[in-house]
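Chain by chain, the residues run as shown.
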Amino acid sequence: SIAVGRMWACYEAFHVKSKLGQEAQDGPTVYRQAFITANTVLRAQVSSCFESMKNSSSLRNIPFRSWKAARGYPAKFQDVPDECFPLFLTQTEFLQMLDGSL
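These numbers come from a predicted model, not from an experiment. (Residues numbered from 1 in each chain as written. Predicted model: local features only at pLDDT ≥ 70, side-chain atom pairs only at ≥ 80, totals over all residues. Heavy atoms only, no water.)

Asker: Can you help me understand the overall build of the protein in this one?
Answerer: A tally of regular secondary structure across the protein gives four helices and two strands. Sequence-ordered secondary structure for the protein, helices as α and strands as β, is α-β-α-α-β-α. Across the protein, the fraction of contacts at a sequence separation of at least 24, relative to all contacts at a separation of at least 6, is 57%. As displayed, the protein has an accessible area near 6500 Å², and 53% of this comes from carbon and sulfur atoms. (Helix = DSSP H or I, 4+ residues; strand = E, 2+ residues; numbered from the N terminus. Contact = heavy atoms within 4.5 Å. Areas by Shrake-Rupley, 256 points an atom, 1.4 Å probe, with all protein chains shown as cover.)

Asker: Honestly, the nonpolar core in this entry has me stumped. Any pointers?
Answerer: As a rule of thumb, nonpolar side chains are buried together in soluble globular proteins. Core analysis: the biggest nonpolar cluster contains 18 residues, and F50, V80, L87, F88, L89 and M97 have the highest contact counts within it. Secondary-structure elements contributing two or more residues to this core are α1 (2–20), α2 (40–55) and β2 (87–90). The element best represented in this core is α1, accounting for five residues. Discounting chain neighbours no more than four positions away, the residues touching M97 are Y73, P74, A75, K76, F77, V80, L87 and L89. (Core = buried A, V, L, I, M, F, W, Y, C linked by side-chain atoms within 4.5 Å. Buried < 20%, exposed > 50% of the residue type's maximum accessible area, 1.4 Å probe, protein only.)

Asker: Looking at this model, I keep getting lost on α2. Mind explaining?
Answerer: Turn by turn, an α-helix covers 3.6 residues, leaving residues three or four places apart pointing in a common direction. Compared with the 22 Å implied by 1.5 Å per residue over 16 residues, the 22 Å span of α2 between its first and last C-alpha is a close match. Between the side-chain oxygen of the N-cap and the backbone nitrogen of V41 there are 2.8 Å, and the N-cap of α2 in question is N39. (Expected span 1.5 Å × (residues − 1). Polar contact = N/O pair within 3.5 Å; in protein donor to acceptor, adjacent residues only side chain to side chain.)

Coordinates in, geometry out; function isn't part of it.
Structure follows, in C-alpha cells:
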C-alpha cells in the first residue's frame, strides 16, 4: 500500500501542476512510472486500487487507459503513449520491454 500511495502522490502532483499550467523548473515534463512485480494477482490488485483512487479524486477526468486491456504491451517502452502511464507490469513483461528498448 505504501508503493501505491507514493505512485498516487507523484501522479496527482504531476497532473495537478499540469492542470494549473505550472511547470516546475526541474520537474518532469512527462509522467512515466511503472509498478513491477512477479505476481500477476498483486499487479491486478494494485492496478485496480490505483484506478479506484483516480476515479474518486478530482483527477477522474484526466484520460487514463490501461494499455494491457486494449492490446497487450508493445515491444518497447518508447511505443507506450503517455496517457497509459503508470504501467502495471509483471517482471517478465518488464524484462521483455526493456530488452526491446535497448
